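Spelled out from the first residue to the last, the chains are:
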Amino acid sequence: NAVAFYKRSLKQFERKHHLNTQTFLKRFEAGQLGDDLDYFDWYAFAKLFAKWQKTQSVLRSAVR
């Protein structure tokens, strides 16, 4: 399931870097974290997960 995959992946990044995803996004977007390849992967996963959640929300609303 996509939700479980994204959540698991984000948790792994959070544990590895000792940051929650929201804090990471703020710092990364502000240019405070550097260009570590891991950060770009984390950023992509976070954005894809947010987009996926939004799509699911829209679909649920449409079905109701």
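Residues numbered from 1 in each chain as written. Predicted model: local features only at pLDDT ≥ 70, side-chain atom pairs only at ≥ 80, totals over all residues. Heavy atoms only, no water.

Novice: Hey, could you run me through unusual backbone geometry in this one?
Specialist: Both trends apply: most residues other than glycine have a negative phi, and most peptide bonds are in trans. Of note, H18 is a non-glycine position whose phi angle comes to about 55°, a positive value. Mapped onto the secondary structure, H18 falls in the loop between α1 (2-17) and α2 (21-29). (Helix = DSSP H or I, 4+ residues; strand = E, 2+ residues; numbered from the N terminus.)

Novice: Looking at this structure, I do not really get the packing of α2 against helix α3 (residues 37-63). What am I missing?
Specialist: Relative orientation and spacing of two packed helices are given, respectively, by the angle between their axes and the distance between those axes. In contact at an axis separation of 11 Å, α2 and α3 are set at 120° when each is read in the N-to-C sense. By the angle between their axes, α2 is oblique relative to α3. Read as a crossing pair, α2 and α3 show a hand that is left-handed. Of α3, the residues touching α2 (which contributes T21, F24, L25, F28 and E29) are Y39, F40, W42, Y43, A46 and K47. Taken together, the residues of the contact of α2 with α3 break down into eight nonpolar, one polar and two charged. (Axes fitted to C-alpha atoms, helices over the stretch in contact; angles between N-to-C directions. Parallel < 35°, antiparallel > 145°, perpendicular 65-115°, else oblique. Left-handed = near helix turned anticlockwise from the far one by under 90°. Contact = heavy atoms within 4.5 Å. Nonpolar A, V, L, I, M, F, W, Y, C, P; charged D, E, K, R; others polar.)

Novice: Even after reading the chapter, I still don't get the pattern of salt bridges, so can you show me in this structure?
Specialist: Pairing between side chains becomes possible if they bear opposite charge and their charged atoms approach one another. This model, assessed by the stated rule, comprises three salt bridges. Here E14 makes a salt bridge to K11, at a shortest N to O gap of 3.2 Å. Pair noted here: E14 and K11 are both in helix α1, with a separation of three residues, about one helical turn. Classification of K11 by relative accessible area gives partly exposed; the value is 47%. A salt bridge links E29 to K47, with the shortest nitrogen-to-oxygen separation between them at 3.3 Å. (Salt bridge = Lys/Arg side-chain N within 4 Å of Asp/Glu carboxyl O. Buried < 20%, exposed > 50% of the residue type's maximum accessible area, 1.4 Å probe, protein only.)

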